[in-house]
Amino acid sequence: MFLDDPIAHNAQASPDAQALCMLGQGMTYAALNEQVDQIATVLLERSVAKGDRVIVCAAKSPMAIAAIYAVLRIGAIYVPIDPAAPVERVAAQLAKVAPVLVIADATRLGAFADSVPNVPLLDLEQPIRGKTSPDKLRDRCAERSPDDPAYVLMTSGTTGDPKGIVHTHKSGLAYAQMAANLCALRSSDRVSHHTPAHFDMSIFDMFSTALAGACVVIIPEMHAKLPASLSELTQSEGITVWYSVPYALIQMVERGALAERDLSALRIVMFAGEKMPPSALKAFSNHAPNAVFLNAYGPTETNHCTTSVLAHDDLDGTSPMPIGRPDVGVTARIGTDAAEALAGELLIAGDQVMSWYWNDPDQTAAAFCTLPDSSGRMRRFYCTGDIVRRTETGALMLIGRKDRQIKLRGYRIELDEVELALVNTPFVTEAVVIARDQALRAFVTGASKCDLEQLKRQLEAVLPPYAVPQHIEWLESMPRTSTGKIDRAKLVGKADEDRAA
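Novice: Just checking my understanding: could you explain the environment of aspartate 147 for this structure?
Specialist: Within the secondary structure, aspartate 147 is located in the loop between helix H6 (134-142) and strand E7 (149-155). When neighbours within four sequence positions are excluded, aspartate 147 is seen to be in contact with Thr168 and Lys170.

What follows is the structure, encoded as structure tokens:
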């Protein structure tokens, strides 16, 4: 089975069912499958071969999703690029994967024409109709293998060589099926497509939804950035399954006019990518009376691989949330010693784990280790770099990153633990802590400012004196990446600028 197969299956089994919807305009599975075939035939006419990389760079839209499926259908590899990325970053990513074609919308075509003049371009906003016979498309489909690379997700690259995370049809489907089962997706569901295609969370939006024959509700950027419009769209589109970074939910709590909305259709609210402030989730849950809440964890290399399932009664607004237990088909262990530790680095094995880093065997080798699982069978484990501890109930609690542990004036400090202490106060919604000049500096946001000395006193009650930030700066909002995560690099730069001034 391949990632595009559910589209073709649904086009036969339920041709009139809605596959995609954007601002009230729908596309059936039959129409989507026909559009996928049309784009696929054009790609064949453009001599795109099996295994070739095709860049997809466009705002979220039905045509962008159809283009992704078309690349998969001809056995090529789709590489989604951040439409808002700086030119230098895009150039580095293009050099890494050496694409044979760029599919982009009109807004981005000009930039690619300048940066890669020798790579053909395909305008996503122009009519795309191929003349290749259906037999040629069927022949190409027959050449594929489930172990073929399906997509490459680009990460890092801000200061060095970008990483290309390679997932096959097999690993992508393993995750999509697991997540569809976890959320009990059904054909009547309407699933949010909030994150952009270059973010790994979009794999659930597109492929898990298709496996269930459900409808993807595409959330345009203008709505994603306006909390009141976002909550209104969630209501009007009858979204039943929500998946986003925590920031989207935080924004709806703070500025989304939730008291005026009816979100009773929501039955699953899933979030991932960063820690969710307990107070924000509790506040959102008051407006989603029929929802179950899923705290999903997993690096891009593993897809979402552990989940904490939370009912309304589990949300007290203060307790930190575990990342839960390994999902079906996932094996997790702590540390590399013969006996598992109660705390240490989290290692993940399973069919949904990536295959390799594109053109980087050394980095691939460094990212994996071979160890026995609980049954003694030797497995290939991905080393996440995340430190966890096992709770008394057996759930996993995320402590922080290996590279976020520092030594300051002789004391070992987990920066993530300091951030957690900040957000567990009633004043702070989000927090970032960095070390500079032998001191800790915190950036915080919240619904309203409080006396910083009062905040420090609360921290002193739960942290040792050496772990309490000496400097705390209140921000109106955190800088964000295009995927909605906090842009920590910008805060580091701000701290350096302030220090220089």
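And the narrative resumes.
Novice: Sorry if this is basic, but what is going on with helix H15 (residues 452-460) here?
Specialist: Because an α-helix completes one turn every 3.6 residues, residues spaced three or four positions apart along the sequence face the same direction. Looking at H15, one finds that the buried residues are Leu455, Lys456 and Leu459. In an axial view of H15, the angular spread of the buried residues amounts to 100 degrees, which keeps them on one side of the axis. The exposed residues of H15 that point more than 90 degrees off its buried face are Arg457 and Glu460. On its buried side, H15 packs onto helix H14 (415-423) and strand E26 (471-474).

Novice: How should the pattern of salt bridges be read in this particular structure?
Specialist: Where side chains of opposite charge bring their charged atoms close, a pairing between them can arise. Taken as a whole, this structure holds 19 salt bridges when the rule is applied. Between aspartate 148 and lysine 50 there is a salt bridge; the shortest N-O distance is 3.3 Å. Of this pair, aspartate 148 sits in the loop between H6 and E7 while lysine 50 sits in the loop between helix H2 (29-45) and strand E3 (53-57); the two residues are 98 residues apart in sequence, bridging distant segments of the chain. Notably, a salt bridge pairs aspartate 189 with arginine 267, separated by 2.6 Å at the nearest N-O pair. Pair noted here: aspartate 189 is in the loop between helix H7 (169-182) and strand E9 (190-193) and arginine 267 is in the loop between helix H11 (246-255) and strand E12 (268-271), with a separation of 78 residues, a long-range link. Classification of aspartate 189 by relative accessible area gives buried; the value is 2%. Classification of arginine 267 as buried rests on a relative accessible area of 16%. A single salt-bridge network, built from bridges that share partners, covers Asp4, Asp5, Asp37, Arg73 and Arg144.

Novice: Sorry if this is basic, but what is going on with the packing of H2 against helix H3 (residues 62-73) here?
Specialist: Geometry of a packed helix pair, given as the angle between the helix axes and the separation of the axes. Two numbers describe how H2 lies on H3: the axes approach to 8 Å, and their chain directions differ by 60 degrees. On the basis of the axis angle, H2 is oblique to H3. H2 and H3 meet at a crossing whose hand is right-handed. Touching Leu32, Asn33, Gln35, Val36, Asp37, Ile39, Ala40 and Leu43 of H2 are Met63, Ala66, Ala67, Tyr69, Ala70, Val71 and Arg73, all from H3. The class makeup of the residues in the contact of H2 with H3 is eleven nonpolar, two polar and two charged.

Novice: How should I be thinking about the layout of surface pockets in this particular structure?
Specialist: A water-sized probe, rolled over the atoms, reveals where empty space remains. Of the volumes computed, that of the second largest pocket is approximately 830 Å³. If you go around the second largest pocket, you meet 34 residues; those closest to its centre are Lys60, Glu221, Ala224, Lys225 and Ser482. Taken together, the residues of the lining of the second largest pocket sort by class into 16 nonpolar, nine polar and nine charged.

Here is what the cut-offs are and how they apply
- Residues numbered from 1 in each chain as written.
- Predicted model: local features only at pLDDT ≥ 70, side-chain atom pairs only at ≥ 80, totals over all residues.
- Heavy atoms only, no water.
- Helix = DSSP H or I, 4+ residues; strand = E, 2+ residues; numbered from the N terminus.
- Contact = heavy atoms within 4.5 Å.
- Buried < 20%, exposed > 50% of the residue type's maximum accessible area, 1.4 Å probe, protein only.
- Arc of directions from axis to C-beta.
- Salt bridge = Lys/Arg side-chain N within 4 Å of Asp/Glu carboxyl O.
- Axes fitted to C-alpha atoms, helices over the stretch in contact; angles between N-to-C directions.
- Parallel < 35°, antiparallel > 145°, perpendicular 65-115°, else oblique.
- Left-handed = near helix turned anticlockwise from the far one by under 90°.
- Nonpolar A, V, L, I, M, F, W, Y, C, P; charged D, E, K, R; others polar.
- 1 Å grid on protein atoms, 1.4 Å probe; cavity = no way out; pocket = protein on both sides within 12 Å on 5 of 7 lines; lining within 4 Å.
- Points joined across faces, edges and corners; volume = space filled by probe spheres on them.

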